[in-house]
Amino acid sequence: RTLCQISVPMPEKIEEERKYPMDFGDIRGQEAAKRCMQICAAGHHHLLVIGPPGSGKTMMAERLPYILPEMTFEEQMMVTKIHSAAGRLKPGSGLMTCRPFRRPHHSVSDKTLVGGGATPTPGEISLAHGGILFLDEFAEFSRSAVESLRQPLESGEVFVHRVRGDFCFPARPLVVAAMNPCPCGYYPDRKRCRCTSGQIQKYMAKISGPVMERLDLCVYIRRVDYRHMTDERSGMDSRRMQEKIERACQIQKERFSGRNIRYNSGMEGKMLEEYCGLDEETQLFLGKVYEKFHLSARTYQKILKVARTISDLEGSSEIRMEHVAEAVGYRLPDETYGGSLWG
Ligand SMILES: [Zn+2]
């Protein structure tokens, strides 16, 4: 018999093993924050991370691109085109297959952030399309820069009008904003933080407003104490996080087939009624939360969307009480700051 005559069982599909150049498994003792990141990645919910210096905000954000679902060929094409249009591709480089991670400095100009110019080029928000736009030291960004993100985040594109024609750049990154909890960075650790409540409120007020409204979840991370840092038991790693995300994305793909949205975060109006039904007890609970914290309709809807993602991660067709309760816990701090986040 020649070699050709020997039949070899072929795998149905040859899958390249997924690689995690940076792994959440390297981060010890931040399991709650990792869980929150997993939810954001699964349902494309924008995130605000509040934590003292050295708590691992950047480390976590950098690991996010690798746990997002793998890019489709169309996505790879689009991301490559954007980077090419910005003159950021090296000659001869092929298709971009990794999701981008962009980290503009807080001194960035509006133009660099959203794009534009005489010959319009994509800005950071478009360069991060399909990946992560990480806004570290969020409170230090100028108000106008933050405001300039508002419209693109709403529409998912940047539109530039010029006499010789209109330009449109896609702009659908997953936004991760990060900031310290107070001017010195150590609140609520009163051994180190001497900031007055007035100073803290003023600091937080910098980020209130329309862009805050576009962030969906908030997580507060603490510095990990030495005991956890040296803990040999590893917590969630990227592979385990990603497997669940992939499954949740598949559920959403089926749910939204034939519609022009892909993620739970994109649900609007009737879709919320259709896909986010609650049983009586859960409805009652959320009603109480709504009254007690004087939630806006927008916040109420965000909680529902996040709860939908949590239930998808659990593979549950119903949104249960525990899913809603967890989503409530990731609520953004309101203008009073003190009550909601620390109470
Ligand atoms: Zn402080």
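Residues numbered from 1 in each chain as written. Predicted model: local features only at pLDDT ≥ 70, side-chain atom pairs only at ≥ 80, totals over all residues. Heavy atoms only, no water.

K.L.:
Break down the overall build of the protein chain for me, with residues and values.
P.N.:
On a plain count of helices and strands, the protein chain comes out with 14 helices and nine strands. When the 343 residues of the protein chain are sorted by exposure, 48% land in the buried category. For the protein chain, the share of sequence-separated contacts (at least 6 apart) that also reach a separation of at least 24 residues comes to 75%. As presented, the protein chain carries roughly 18,400 Å² of accessible surface, and 51% of it is formed by carbon and sulfur atoms. (Helix = DSSP H or I, 4+ residues; strand = E, 2+ residues; numbered from the N terminus. Buried < 20%, exposed > 50% of the residue type's maximum accessible area, 1.4 Å probe, protein only. Contact = heavy atoms within 4.5 Å. Areas by Shrake-Rupley, 256 points an atom, 1.4 Å probe, with all protein chains shown as cover.)

K.L.:
Any chance you could break down the confidence of the model for the protein chain for me, citing the residues and the numbers?
P.N.:
Per-residue confidence for the protein chain averages 87 on the pLDDT scale, and 88% of its residues sit at or above 70. Ranking the elements of the protein chain by mean pLDDT puts helix α14 (residues 338-342) last with 42 and strand β5 (residues 132-135) first with 98. (pLDDT = per-residue confidence, 0-100.)

K.L.:
Which residues make up a negative patch on the surface, and what values do they have?
P.N.:
Among the surface-exposed residues, Asp279, Glu280, Glu281 and Glu318 lie close enough to one another that they form a single negatively charged patch. For Glu280, a relative accessible area of 71% corresponds to the exposed category. (Patch = residues over 30% accessible without salt bridge, like charges linked within 9 Å, V, L, I, M, F, W, Y side chains within 5 Å. Salt bridge = Lys/Arg side-chain N within 4 Å of Asp/Glu carboxyl O. Lys, Arg positive; Asp, Glu negative; His and termini not counted. Charge placed at Lys NZ, Arg CZ, Asp CG, Glu CD.)

K.L.:
Would you mind going over the coordination of the zinc ion in detail, with residue names and values included?
P.N.:
Coordination of the zinc ion by the protein involves Cys182 (SG), Cys184 (SG), Cys193 (SG) and Cys195 (SG), with metal-donor separations of 2.2 to 2.4 Å. When its relative accessible area of 0% is taken as the criterion, Cys182 is described as buried. Here Cys195 falls in the buried class, since its relative accessible area comes to 8%. (Donors = N, O, S within 2.8 Å, 3.2 Å for Na, K, Ca; no water.)

K.L.:
An account of the packing of helix α1 (residues 31-43) against helix α9 (residues 238-255) is requested, with residue identities and associated values reported.
P.N.:
For any two helices packed against each other, one specifies the crossing angle of their axes together with the interaxial distance. Following both chains from N to C, one finds α1 and α9 inclined at 30 degrees, their axes separated by 9 Å at the closest point. As judged from the angle between their axes, α1 and α9 are roughly parallel. Handedness of the α1/α9 crossing: right-handed. Note on element contacts: α9 touches α1 through Arg240, Met241, Lys244, Ile245, Ala248, Cys249 and Gln252, opposite Lys34, Gln38, Ala41, Ala42 and Gly43. (Axes fitted to C-alpha atoms, helices over the stretch in contact; angles between N-to-C directions. Parallel < 35°, antiparallel > 145°, perpendicular 65-115°, else oblique. Left-handed = near helix turned anticlockwise from the far one by under 90°.)

K.L.:
Please provide a residue-by-residue account of the pairing of strand β6 (residues 157-162), values included.
P.N.:
As paired elements, β6 and strand β7 (residues 165-170) share six bridges and run antiparallel to each other. Of the residues in β7, the one forming a bridge with Val160 is Phe167. Between the antiparallel neighbours β6 and β7 lie two residues. (Pairing = 2+ DSSP bridges.)

K.L.:
Let's hear about the sheet that holds strand β9 (residues 217-220): which residues, and what values?
P.N.:
Taken together, five strands build an open sheet; the order of strands is β2-β5-β8-β1-β9 and the sheet is parallel. Taken across any chain shown, the strands that pair with only one partner, and hence form the sheet edges, are β2 (101-102) and β9. In this structure, β2 lies alongside β5, joined through two bridges in parallel fashion. Within β5, the position partnered with Arg102 by the bridge is Leu133.

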